[in-house]
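Summary of structural features
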Amino acid sequence: MALHKVDYAKENGLPIVLTTVDKLIQWGRSNSLWAVSYGLACCAIEMMATGAGRFDFDRFGTIFRASAKHAEVMIVAGTLTKKHAEFTRRIYDSMPEPKWVISMGSCANTGGMFNTYSTVQGVDRIIPVDIYLPGCAPRPETLQYALMILQKKIRKEIPRRKQKAKRLV
């Protein structure tokens, strides 16, 4: 019988990884985000380009879903009108917990140049937003960077504890 002796000091340490269950859950959760795409205006074109082959959102584990009931991340891209605000809230409420929101573009963040009676002056007045993406319209690389920031944020959260209610403006 062959006797295998492994010198772990030479092999860059022990082949053991120590972690907690919370960190393992959050790591898995952050690397398999499913996003409901909610394109409202020109920022939606950039969001669609992010999912295309050149930028390949799938390599982050993020897949666009048409159903809000299967999605954890809502990407609101474009100008939100007051007529559409109720539907936005309804879609957000139908998403399972935990859920996160990325506001993409100046119009989604602040209403942009449309300071009119029909435009919502920021998506955060309707739903809580985790990440604001500036620009008109933000490039796909910016959305990828926002997703990486969201992944870092998710890894720092504690999964079993009840999350604090997100503050609306």
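Basis of the calculations
Residues numbered from 1 in each chain as written. Predicted model: local features only at pLDDT ≥ 70, side-chain atom pairs only at ≥ 80, totals over all residues. Heavy atoms only, no water. UniProt positions renumbered as here; feature names shortened; annotations may be inferred. Patch = residues over 30% accessible without salt bridge, like charges linked within 9 Å, V, L, I, M, F, W, Y side chains within 5 Å. Areas by Shrake-Rupley, 256 points an atom, 1.4 Å probe, with all protein chains shown as cover. Salt bridge = Lys/Arg side-chain N within 4 Å of Asp/Glu carboxyl O. Helix = DSSP H or I, 4+ residues; strand = E, 2+ residues; numbered from the N terminus. Buried < 20%, exposed > 50% of the residue type's maximum accessible area, 1.4 Å probe, protein only. Pairing = 2+ DSSP bridges. Right-handed = clockwise from strand over helix to strand, strands pointing away. Axes fitted to C-alpha atoms, helices over the stretch in contact; angles between N-to-C directions. Contact = heavy atoms within 4.5 Å.

Labelled according to an unreviewed UniProt entry, the chain appears under the name NADH-quinone oxidoreductase subunit B, originating from Campylobacter blaseri. According to the UniProt record, the Sequence similarities (unreviewed entry) comment for the chain is "Belongs to the complex I 20 kDa subunit family." Its UniProt record gives the chain the following Catalytic activity (unreviewed entry) comment, quoted word for word: "a quinone + NADH + 5 H(+)(in) = a quinol + NAD(+) + 4 H(+)(out)".

Now for a nonpolar patch on the surface. Together, Tyr145, Met148 and Ile149 make up an exposed nonpolar region whose accessible area comes to about 290 Å². Tracing the sequence through the fold places Met148 in helix α5 (residues 140-156).

What follows concerns the pairing of strand β4 (residues 100-104). Counting buried residues in β4 gives 5 out of 5 residues, a clear majority hidden from the surface. Of the two faces of β4, both are covered, the one formed by Trp100, Ile102 and Met104 as well as the one formed by Val101 and Ser103. One ladder, built from 5 bridges, connects strand β3 (residues 73-77) with β4; its direction is parallel. Among the inter-strand pairings, Ile75 is bridged to a residue of β4, identified as Ile102. Handedness of the crossover joining β3 and β4 through helix α3 (residues 82-94) is recorded here as right-handed. The sheet contact formed by β4 and strand β5 (residues 131-133) spans 3 bridges and is parallel. Residue pairing for β5: Met104 is matched across the bridge by Leu133.

Once that is clear, we can look at the UniProt feature "binding site: [4Fe-4S] cluster" (unreviewed entry) in the chain. According to UniProt, the feature "binding site: [4Fe-4S] cluster" (unreviewed entry) maps to Cys42, Cys43, Cys107 and Cys136 in the numbering used here. What stands out for the annotated residues spanning 95 residues is how close their C-alpha atoms remain, the widest pair being 9.8 Å apart. With respect to the helices and strands, the residue Cys42 is situated in the loop between β1 (34-39) and α2 (43-51). Mapped onto the fold, Cys136 is located in the loop between β5 and α5.

Let's shift gears to the pairing of β1. Of the pairings in the sheet, the one linking β1 to strand β2 (residues 63-65) comprises 3 bridges and is parallel in character. Bridge pairing in β2 links Trp34 to Ile63. Following the chain from β1 across α2 to the adjacent parallel β2, one finds a crossover that is right-handed. Note: β1 against β3, 5 bridges, orientation parallel.

Here the focus is the sheet that holds β5. Ordered in space as β2-β1-β3-β4-β5, the 5 strands form an open sheet in which the pairing is parallel. For this open sheet the edge positions go to β2 and β5, each flanked by a neighbour on one side alone. Across the sheet, the axes of successive neighbouring strands diverge by a mean angle of 30°, strand direction being ignored. This element, α3, spans β1, β3 and β4 of the sheet and lies at about 175° to β1.

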